[in-house]
Each structure stands twice: as C-alpha cells, then as structure tokens.
Amino acid sequence: MGGIVSSPTVSVDDDLGSSIRQLMQIDGGDLRQHEHGGFVGREAEMTQLVRALAAEPSRATLLIGPKHSGKSTLLQHLKQKWQSSSQVRQIFAPFLLINLQECLITHLKSAEESYYNSTAAEGLYSAIRGEVKAWVDLATKALSIDDVKQDISGISQASIKMSIESFTQSYHLRGCKLMYSLLDWLQSSLKQHSHVCPVIVFDEAHVLKSWCRYIDLYDEVQRLAQFLQWLCKDKARGHVVMATSDPFFWAWLSQTLGITPLKMIPVGHFGEGNAKEFVINNLLKKHEGVLPAGGFSEDVWKAVYQVAGGCPHLLKIVVSDAVELGSWMDATTSLVSTMEEELRERVLEFIKYRDDRHVEGIVGAIVNGGGLAGFNDVSEHVFAGNESYGRSEIKALAEKGIIYVRLWTNGMRYMDVGEKKGDDTLYLTAAHPASFAAMKRLYPTWFASLKKPEEEKNSRGNRSNWETRGGDYSAGGSDAEYDMSRGDYSEGGS
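Residues numbered from 1 in each chain as written. Predicted model: local features only at pLDDT ≥ 70, side-chain atom pairs only at ≥ 80, totals over all residues. Heavy atoms only, no water.

A.B. asks: Would you explain helix H3 (residues 71–84) in this entry?
C.D. replies: An α-helical turn contains 3.6 residues, so any two residues separated by three or four positions project in the same direction. The first and last C-alpha atoms of H3 sit 20 Å apart over 14 residues, in line with the 20 Å expected at 1.5 Å per residue. Those residues of H3 that sit buried are Lys 71, Leu 74, Leu 75, His 77, Leu 78, Lys 79, Lys 81 and Trp 82. (Helix = DSSP H or I, 4+ residues; strand = E, 2+ residues; numbered from the N terminus. Expected span 1.5 Å × (residues − 1). Buried < 20%, exposed > 50% of the residue type's maximum accessible area, 1.4 Å probe, protein only.)

Given below as structure tokens:
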C-alpha cells in the first residue's frame, strides 16, 4: 500500500540565504565581468549595496556620486545579479529599476508646462508598469523551467502561476496603487516569510526636485514619498534605493519629502588602477586594429589619466577621439581645450551677477588642494567666515557645472581620492577630471585669461560639442531653478 508522497519543497529561508551568499562572493571575480556594460572595479560599492538589501528594511539607501561615475551601470549589474541568483528571488523579490530622467525624456514631447505636467507623471506610471510586467514575465519563466511538481515554500507552482496571472489584472492601476497591489500579492503569497522583500530603485532621483515646481506633479511626488517611507521604514516590507549626482539631494529628501533616515553609499570615479583596467579590458578591445600607431604605452596612459582621470565617460571620449584623430596627444589636447572654453563660458556667465573674486578664490583652493578643498577652509578664507553666504554661492557654482560638491561624512570612502582630511563634510572639486585639468592650465592667470570684451561675452549662444556628447555636468542635471533656500544642507544622515 503506497502512502501519500509529499512533493519536494524549496525553502525560502535556505534559498534566500544561499542567494545572498552567492551575491556576496566577490573574491572569486564574480563581480568583475567586463562583458556587462564594462563593469569593473566596483566590488566595495556592490558589497555595501548587497549588505543593505540583505538586512531587514528600515531606511532608504542613497547612492551618491558625480555624474558619469558609473552609478547606473552599478545598478544595472546589481539587478542582473539579483534576478539570476535564485528562483525564490526571481518570483517573490522583484527588482524594479526606474530611471526618472528617462521617464522625463521619453514622455516630454512639448515644452509647454501643461503638457509637461501630464507626460512626466505618465512617464513614471508607464515605467512602473513596464518594470512590474518584466517581473511577471521573469517569474513566469522561472516557474516554467523547473519541475512543476516541486513546491516553493510549501506552495505549488501551479497555484503561484495562477495567482500571478490573476495579479496581472492590476496593470490598469496607476503609480503607487500598482505597487501597493504588488506588495499585497507578495504578502498574501508569503505570509510566513515577510522578510523576502522586493527592491524599488529610482535612478536619477534628483529629477523629483524639478517635478516639485509644478503643482500637479508635486502632489504625485508627495504620494510617492509617502509610499516609499511606508514601504521601507514604517512597515519594513521592501527596500528603497535612490541614485543621484546631487550632493544636496538627501537634505531635500528629509526636509521636503520627510524621507529619513538614509543609508549613504558613495560612488566616486575609478582609482587609477581600475581606470587603466577599464580602458585596457573594455575600450581598447573594442577598437583593436584601429588604434593610433605606437600602441598604448605607459606614457600614453599617464597623459590620458591626467586629463580624463577615472571618469568612465571621459575615458570613452578620449579613446574614441584617439581612434578618429589617429593620435593620443591630439585626443587629450582636444578634450582639455574643449573644457577650457566650456569653463570660460560658464564662469563668464556666472560672474555677470556675482563677485568674480569668490570664483577665483574657490578655484584657487581646489587647484592648490590638489583637486580637493574643504568647505570650512573655503568659507573662512574666501567668504570671511560667512558660512551661509558661502554655501549659497557654492550651490550656485555647482548648479552651473563649474564645480562639484562631494558629501563626505565619516565612514564614506571614494575610490578616486585619498583619505579624508579634516572634519569637513563637504568638499569642493572640479566638475570632473577634465575640468580640473583645464583649471590647472588657467589658474593663477584665471581672470586674465577669461575676461573678454562685452560684445564677445554676449555673442555666445550655441551649446558646445562637449554638451552634445552627453557631457553636461551641471549638478542634478535638471534643477537649475531649484530654490536655494529649500533643502539646505545640514550635517548627519549617514
């Protein structure tokens, strides 16, 4: 007489723990995959992200660093690793990655404000629906390729499949309502395993600041903020990650949207070793056979690194230009010359309404500091200790793309700079490595080089070739009109 034979069961706890350990195994080279978007040298940042997502949700995570430093590539790589790490994670822990700048670009068809309001919100809704649909497809595929007799956490795969098909009726819901529906489905499917959490990531999150200038969109952002706070802090039902190049964004999140506390993860440009590895193993391989004569010598590398630093975007430009021009020297010279002109234009526009001595003082502090100047030192020597006024001027310079401000609290570490010096939490740098190279060439004869006749100053109007190649380094990218009195920086939060 045969008894009842129970179907095999995959334990959520065992499978989830195994997949976390799998994601954490970075010493075997698992994270150093050059075939996925040139991903290299981000083991420390990836480890911090995975540890944050492995813990019980309690606060949002903020990925912060300069533009074009590799934040989006890091998030894309994490999403790929997350989704491929385990069957349980694919089904019960969706990873939703939404780029808010792309939402804006894709759906902004007109410059008229009324149309802007509707399309930006619809862009967000469309992106959320697209990510949820992608998760449904992934979960359905994960169920179809395994033994249908195998249960997952005591639930038959057939039941899960039917439940997912039923959930798809929620697609008509908009924005946060759809995400609430998703969480309700996950909770009802895994009542005894509430720690198996979904992840919601907003890349280019500083776009939310510009949306808040419009009444209709401000309401949408408020609803989204309430949902995110409820998700990761109030109910601990999911992880929230935001990525931004705006160093003041976290204070705005806290003061304007009430999202607090935050876990900070800094992302700098590559250090020299990883930058060289990125060029050799990614960029040069793509151009084999068409590189300039003489090869890629150590002297060539030093010249490239001097102007492009560890910025992946700039390194790509230099290699591309070297192939086109047939000369590494011409490529590096062209980049710095372009940046000199760009810097002149930005500074001349800026000092029309401000004291040019302050700009000169800040640039001098950055150059004399080897690329890094502490805010307290600048406030004392450039602004005579007037910290409030100095902060306002520094924010304005950053928004114009003349400098960049790095948030650097204790425990934060950037790959492209040395150890933290002093007690500052704000450090001023050039907007990017090529801009620093231009600063060094123009300073100390800075204003002698930059000042031009009034008619020449008023004749400028066309965007530079640098900007048309994706190189606009103004802080936040879309928030030039941000009210300086809102979201003021204050210490803490990491």
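A.B. asks: Could you clarify how one ought to interpret unusual backbone geometry in this entry?
C.D. replies: Across the chain, the bulk of peptide bonds are trans and the bulk of non-glycine residues have phi less than zero. Here Thr 260 and Pro 261 are connected by a cis peptide whose omega angle stands at 0°. Note that Pro 261 resides in the loop between helix H11 (249–257) and strand E7 (262–266). Of the consecutive residues Tyr 443 and Pro 444, the connecting peptide bond is found in the cis state with omega at 15°. Note on placement: Pro 444 falls in the loop between helix H19 (433–442) and helix H20 (446–450). You will see that Ala 236, though not glycine, has its phi angle at about 50°, which is positive. With respect to the element layout, Ala 236 can be found in the loop between helix H10 (215–234) and strand E6 (239–244).

A.B. asks: What's the story with the pairing of strand E3 (residues 95–99) in this structure? I'm lost.
C.D. replies: Side-chain direction in a regular strand flips from residue to residue, so the side chains alternate between the two faces of the sheet. Most of E3 is tucked away: 5 of the 5 residues are buried. Pairing of E3 with strand E5 (residues 199–203) involves 5 bridges; the strand directions are parallel. Along E5, the bridge assignment pairs Phe 95 with Val 199. (Pairing = 2+ DSSP bridges.)

A.B. asks: I'm lost on the packing of aromatic side chains in this one. Help?
C.D. replies: Two numbers describe a pair of aromatic rings. These are the distance of the centres and the angle of the planes. Throughout the structure, instances matching the rule amount to 15 aromatic pairs. With centroids separated by 5.6 Å and ring planes inclined at 90°, the aromatic side chains of Trp 408 and Tyr 414 adopt a geometry described as edge-to-face. Judged by its relative accessible area of 2%, Tyr 414 is buried. Site record: aromatic cluster; members linked through ring pairs are Phe 296, Trp 301, Tyr 305 and Trp 328. Taking the ring centre of Phe 248 as reference, the NZ or CZ of Lys 395 above it sits at 4.9 Å. (Phe/Tyr/Trp six-rings, centres within 6.5 Å; stacked < 30°, edge-to-face > 60°. Lys NZ or Arg CZ within 6 Å of the ring centre and 35° of its normal.)

A.B. asks: It is not clear to me how the sheet that holds strand E2 (residues 60–64) should be interpreted in this structure. Could you clarify?
C.D. replies: Strand pairing in a sheet relies on backbone hydrogen bonds. The paired strands run either parallel or antiparallel. Pairing is parallel in the open sheet, where 5 strands are placed in the order E3-E5-E6-E2-E7. Bordering the open sheet on either side are E3 and E7, each of which pairs with just one other strand. Taking each pair of neighbouring strands and ignoring which way they run, the sheet shows an average axis angle of 20°. As judged from the 4 bridges shared by E5 and E6, these two strands associate in the parallel manner. (Axes fitted to C-alpha atoms, helices over the stretch in contact; angles between N-to-C directions.)

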